[in-house]
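The residues making up each chain are set out below.
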Amino acid sequence: MPESDFSSIDGNPVDPEIGGKNSTGKFYLPGLDGLRALAASAVLAWHVDRFAPLLGLQPLGYGRTNLAETAVTLFFVLSGYLITLLLLREKAENGFISIKNFYARRILRIWPPYYTILLISIPMLHFLPHTANWKIYTLYTFMLSNVAYALGIGIIFLFPLWSVAVEEQFYLVWPWVVSNSKNLVRTLVYIGTTYFAVKVGLRFFENDVIYKLWRLTAFDSLAIGGLAACLYSQGHRCLSILYSSWLQATLWLLLAGGVLFRPITLTSLVDAEIHSLIYAVLIINVSTNPRPLIRLENRLLKTVGKLSYGLYLYHLPVMAFLGWICPALFLSLNGHPARAFITTTTIYSTSLAVAAGSYFLMEKRVLNLRTHFRN
């Protein structure tokens, strides 16, 4: 799951200024931790069914609705939005972007949990039936898990790492794009349209591994998030339309329908772009609109949002481990009318506890080192 360190770092909101600094001097945008919490929770809930065999159970079917995939799209849009916005602010304030500091901050945020999950999963390669050879494991080590996923050789309890790999590949180029672009809006439109044109070509002329890998790269969603950041930072006149209550209500209803039934689907070729546009508008509203239709600022959502990176990374290994050490517990739920609720609640609470332990015992201490890499 894409994760940024630029909002809700310590949970202290800015009042009354939106997009200002909190009491610790860190940049803050409200509502984004809430979005992360909702997206991570959706991924987990749908993965509990999709990967039910890890618990020795047969899927009930609701995990096939693609909600988890669209929730990951939200993370990509959110990442493009936050990264672009913060790089623009840095460029405006300092006249330049420190590439070295940017990479240092990203490494401190992304790498510790990522490589922790790789290390603790090594024993699982031996005692679980869903195993892989060390050559495949090497792809994960070098942040190429999206390649393994596209090739169909991914390790089942490490599947979520594909999106983290995409994030890291995005970070390799994005600060250079923002730093050197004289017209960032035009550049992002060019990136998005070029990406989509290549995707269309691959869909009709290759439609195999290369197409799947290109689609997973998701630079269209990241570019759409970047465009949203540009619109906000420039105070574009279209914000009055994007802030309108009728548009917010329509998009929230579409999102609710996707959760309760199935995400809107036209064709797999354009679904990601449609969802990305919807999410970009909602992100702008919850984070910058003085009068958002729905506010996502409360202690529970902010806490889960802060732990969402770990929740995203750890939930499948937690499922695999629990399915291995106590299979009888879950097998006894077969045919139980509350099976989905019980299994989801068990996995969610355990994964959240693991994520909290990871954050407070390791991640938070490492994140404190970022003070050495701020401009």
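Quick notes on the rules
- Residues numbered from 1 in each chain as written.
- Predicted model: local features only at pLDDT ≥ 70, side-chain atom pairs only at ≥ 80, totals over all residues.
- Heavy atoms only, no water.
- Buried < 20%, exposed > 50% of the residue type's maximum accessible area, 1.4 Å probe, protein only.
- Helix = DSSP H or I, 4+ residues; strand = E, 2+ residues; numbered from the N terminus.
- Arc of directions from axis to C-beta.
- Phe/Tyr/Trp six-rings, centres within 6.5 Å; stacked < 30°, edge-to-face > 60°.
- Lys NZ or Arg CZ within 6 Å of the ring centre and 35° of its normal.
- Salt bridge = Lys/Arg side-chain N within 4 Å of Asp/Glu carboxyl O.
- Axes fitted to C-alpha atoms, helices over the stretch in contact; angles between N-to-C directions.
- Parallel < 35°, antiparallel > 145°, perpendicular 65-115°, else oblique.
- Left-handed = near helix turned anticlockwise from the far one by under 90°.
- Contact = heavy atoms within 4.5 Å.
- Nonpolar A, V, L, I, M, F, W, Y, C, P; charged D, E, K, R; others polar.
- pLDDT = per-residue confidence, 0-100.
- Core = buried A, V, L, I, M, F, W, Y, C linked by side-chain atoms within 4.5 Å.

To continue, consider helix α5 (residues 134–141). By the burial criterion, the buried members of α5 are Ile136, Tyr137 and Tyr140. Axial view of α5: buried residues confined to an arc of 100 degrees, hence all on one face. Just downstream of α5 lies methionine 143, where phi reads positive at about 55 degrees.

This brings us to the packing of aromatic side chains. One pass over the full model with this rule turns up 17 aromatic pairs. With a centroid separation of 5.7 Å and 85 degrees between ring planes, the pair formed by tryptophan 46 and tyrosine 62 is classed as edge-to-face. With tryptophan 46 in helix α1 (residues 32–50) and tyrosine 62 in the loop between α1 and α2 (67–94), this pair connects stretches of sequence that are 16 residues apart. For the ring pair tyrosine 359 and phenylalanine 360, a centre distance of 5.0 Å and an interplane angle of 90 degrees mean the geometry is edge-to-face. The exposure class of tyrosine 359 is buried, given its relative accessible area of 6%. Through pairs of rings, three or more aromatic residues link up here, namely Phe102, Tyr103, Phe170, Tyr171, Trp174 and Phe219. A cation over a ring is seen here: arginine 203 above phenylalanine 204, with NZ or CZ 5.9 Å from the ring centre. In this arrangement the basic side chain of lysine 212 is found over the ring face of tyrosine 149, its NZ or CZ atom lying 4.9 Å from the centre.

The tally for this structure, following the rule as stated, stands at eight salt bridges. With a shortest N-O distance of 3.1 Å, glutamate 363 and arginine 109 are connected by a salt bridge. Taken together, the residues span a long stretch of sequence, with glutamate 363 in helix α17 (residues 339–367) and arginine 109 in helix α3 (residues 99–121) at a distance of 254 residues. Looking at glutamate 363, the relative accessible area reads 3%, which means it is buried. Connected through shared salt-bridge partners, Lys199, Asp220 and Glu273 make up one network.

What follows deals with the packing of helix α8 (residues 184–205) against helix α10 (residues 219–234). Between α8 and α10, whose axes approach to 9 Å, the crossing angle comes to 160 degrees. Relative to α10, the element α8 lies roughly antiparallel. Judged by the sense of rotation from one axis to the other, the crossing of α8 with α10 is left-handed. In this structure, α8 contributes Leu184, Val185, Leu188, Val189, Ile191, Gly192, Tyr195 and Lys199 to the contact, and α10 contributes Phe219, Asp220, Ala223, Gly226, Leu227, Cys230 and Gln234. Taken together, the residues of the contact of α8 with α10 sort by class into 10 nonpolar, three polar and two charged.

Despite not being glycine, asparagine 66 shows a phi value in the positive range, around 70 degrees. Overall, asparagine 66 belongs to the partly exposed group, its relative accessible area being 37%. The residue alanine 218 is not glycine, and still its phi comes out positive at about 60 degrees. Given a relative accessible area of 6%, alanine 218 falls into the buried group.

We now examine the environment of leucine 87. By secondary structure assignment, the location of leucine 87 is in helix α2. The class of leucine 87 is buried, set by a relative accessible area of 2%. Sequence separation between leucine 87 and tryptophan 176 is 89 residues; the distance between their C-alpha atoms is 10.0 Å. Each residue touching leucine 87, except ones within four places of it in the same chain, is listed here: Ile97, Phe102, Trp174, Pro175 and Val178.

For the protein chain, the average pLDDT comes to 87, and 90% of its residues sit at 70 or higher. Across residues 2–25, where pLDDT falls below 50, the model places 74 contacts with residues more than four positions away in sequence or in other chains.

Before going further, it helps to examine the environment of isoleucine 83. Within the element layout of this structure, isoleucine 83 appears in helix α2. Put simply, isoleucine 83 and valine 281 are 198 residues apart on the chain and 17 Å apart in space, counted from C-alpha to C-alpha.

Membership of the largest hydrophobic core comes to 109 residues, with the highest contact counts inside it found for Leu32, Tyr81, Tyr140, Phe157, Leu158 and Trp174. If one sorts the elements of this core by residue count, α2 sits on top with 15 residues. In this structure tyrosine 81 touches Leu29, Leu32, Gly225, Gly226, Ala228, Ala229, Tyr232, Ile283, Ile284, Ser287 and Thr288, once residues within four positions along its chain are discounted.

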